[in-house]
Amino acid sequence: MAEERFLNRRGLLAAGAATLGSLPAAFPAAAQPDMRPERPTRMLSATQFGAVGDGLTDDSQALQNAFDEAFRDGGGFLLIPPGTYRVSRTLRILSRHTGDIGRLSGVIAHGAQILSVIENHVNVIEIVSRATVRFLAIEGLDVLGRGKEKHGLYIECGGRDRYLYNCCLRDVVVQGCGGDGCRMVGNVFESQIINSYFRSNKGNGVTFAHGKHGGILSAIHVFGCVFGNNGADGAALIRGCYDVGFHGCYFLLNGRFGLVAENGCTLLSNCGFENNQM
């Protein structure tokens, strides 16, 4: 009897399958996910675009071409080999990229110095995002100004639905610039500055700010950085900005305060202050 019941059940299942197979499709097949692999992240070298790095050649156009290509089509990495790269105009990262970038990309420049000979009070390097960009890293870059440019490194994301998330400046040096060493403005979230040095700039070492026309800077963490001998403040939080934490940083010999925070700051941990003028 058990065997009979088993055979009858098999017969019913087979009949059901046959019936279903004979019916017309009532619904289209579910769309299959796109399983094609994502385009591999590219690693380009500035030398591929003609950058020389001898301190004499004007490398402005070569570096700009390299930045444009590295961040085209979803981002990649640009390697700037050791050398001194003379620039006479602003270098713009993300300037031609309007789509979102959701994977790690950036600039690796350990041993490379950007030597500014800019005369007309404009920024040396600008990172201005017109989209949502995640995991942008700038590593090892050294910017040396002559006091006639504006900010050494200017980072901004403004407007609605545009954000810079999880960005990182690591092992960066900015010195001798006519404005701030670094100015970070607007919708920059959950980002870090690590083991970097901002010295002898005419403005602040670093300025953090909400955007003038919207854009909230939030959850920035600064680790092991030095802000020294800047003409104004070592670091400044302005336009109501406050969500910045400093961990193990040192502020010394600045022309005004080591740190100015109009609304306070999130955290000040194991930091040192020495011989600031105010």
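Peer 1: How should I be thinking about empty space enclosed by the protein in this particular structure?
Peer 2: Over the atoms, a rolled probe matching the size of one water molecule traces out where space is still vacant. Per the stated rule, a full pass over the model turns up one cavity of 30 Å³ or more. In terms of lining, the largest cavity is formed by Ile127, Leu136, Ile138, Ile155, Leu164, Cys167, Cys168, Leu169, Met184, Val188, Ser191 and Gln192. If you list the elements that add at least two residues to the lining of the largest cavity, you get β10 (136-139), β14 (168-170) and β17 (188-194). Sorting elements by how many residues they give to the lining of the largest cavity places β17 first, with three residues.

Peer 1: In this structure, what is going on with the nonpolar core? I would like to understand it.
Peer 2: Ranked by internal contacts, the top residues of the largest apolar core, which has 59 residues, are Leu63, Ile80, Ile114, Phe208, Phe227 and Phe246. Looking at this core element by element, the count peaks at five residues for helix α2 (residues 60-70). For Ile114, the residues in contact, after removing those within four places along its chain, are Leu63, Tyr85, Val87, Leu91, Val124, Ile125, Leu141, Asp142, Val143 and Leu144.

Peer 1: What should I look at first to understand the side chain of Asp180 in this one?
Peer 2: Here Asp180 shows up in the loop between β15 (173-175) and β16 (182-186). When its relative accessible area of 4% is taken as the criterion, Asp180 is described as buried. Among the polar contacts made by the side chain of Asp180, one reaches the main-chain amide nitrogen of Asn204 at a distance of 2.8 Å. Within polar-contact distance, the side chain of Asp180 engages the side chain of Thr207 at 2.8 Å. The contact partners of Asp180, leaving out residues within four places of it in the chain, are Lys150, His151, Gly152, Asn201, Gly203, Asn204, Gly205 and Thr207.

Peer 1: Honestly, the pattern of salt bridges in this entry has me stumped. Any pointers?
Peer 2: Between side chains of opposite charge, a pair can form as their charged atoms come close. Taken as a whole and judged by the stated rule, the model has seven salt bridges. Between Arg92 and Glu126 there is a salt bridge, with the nearest N and O atoms lying 3.4 Å from each other. Placement of Arg92 in strand β5 (residues 91-93) and of Glu126 in strand β8 (residues 125-129) is noted, with a sequence separation of 34 residues between them. It is possible to trace a salt-bridge network through shared partners that takes in Arg42, Glu69 and Arg72.

Peer 1: Can you walk me through the packing of aromatic side chains in this structure?
Peer 2: Considering all chains together, one arrives at nine aromatic pairs under this definition. Between Phe246 and Phe251 the ring centres are 5.8 Å apart and the planes differ by 70 degrees, which places this aromatic pair in the edge-to-face class. Judged by relative accessible area, which is 0%, Phe246 ranks as buried. Here the aromatic cluster, defined as three or more aromatic residues joined through ring pairs, consists of Phe198, Phe208, Phe227, Phe246, Phe251 and Phe273. We note Arg134 situated over the ring of Tyr165; from NZ or CZ to the ring centre the distance is 4.3 Å.

Conventions adopted
Starting afresh in each chain, residues are numbered from 1 along the sequence in its written order. Under the rules for a predicted model, residues below a pLDDT of 70 receive no local features and side-chain atom pairs below 80 are neither given nor counted, while totals for whole chains, interfaces and linings still include all residues. Hydrogens are left out, water is left out, and the side-chain values use all remaining heavy atoms of the structure. Here a cavity denotes grid points, spaced 1 Å and computed from the protein atoms alone, that fit a 1.4 Å probe unable to get out, and a pocket denotes an open set having protein on both sides within 12 Å along at least 5 of 7 lines; residues with an atom within 4 Å of a point are the lining. Grid points are joined across faces, edges and corners, and a volume is the space filled by probe spheres set on the points. Secondary structure follows DSSP: runs of H or I at least 4 residues long count as helices, runs of E at least 2 residues long count as strands, and numbering of each begins at the N terminus. To form a nonpolar core, buried Ala, Val, Leu, Ile, Met, Phe, Trp, Tyr and Cys residues must be joined to one another through side-chain atoms within 4.5 Å. Partly exposed residues are those whose accessible area sits between 20% and 50% of the maximum for their type, while under 20% is buried and over 50% is exposed, using a 1.4 Å probe and protein chains only. Whether two residues are in contact is decided by their heavy atoms: any pair within 4.5 Å suffices. Polar contacts here mean pairs of N or O atoms no more than 3.5 Å apart (in protein, one a potential hydrogen donor and the other a potential acceptor; neighbouring residues in sequence count only if both atoms are side-chain atoms). Here a salt bridge means any side-chain nitrogen of Lys or Arg lying within 4 Å of a carboxyl oxygen belonging to Asp or Glu. Classification of ring pairs rests on two measures: the distance between centres of Phe, Tyr or Trp rings, Trp counted by its six-membered ring, which must be within 6.5 Å, and the angle between planes, read as stacked under 30 degrees, edge-to-face over 60 and tilted in between. The rule for a charge over a ring is simple: NZ of Lys or CZ of Arg within 6 Å of the ring centre, and within 35 degrees of the ring normal.

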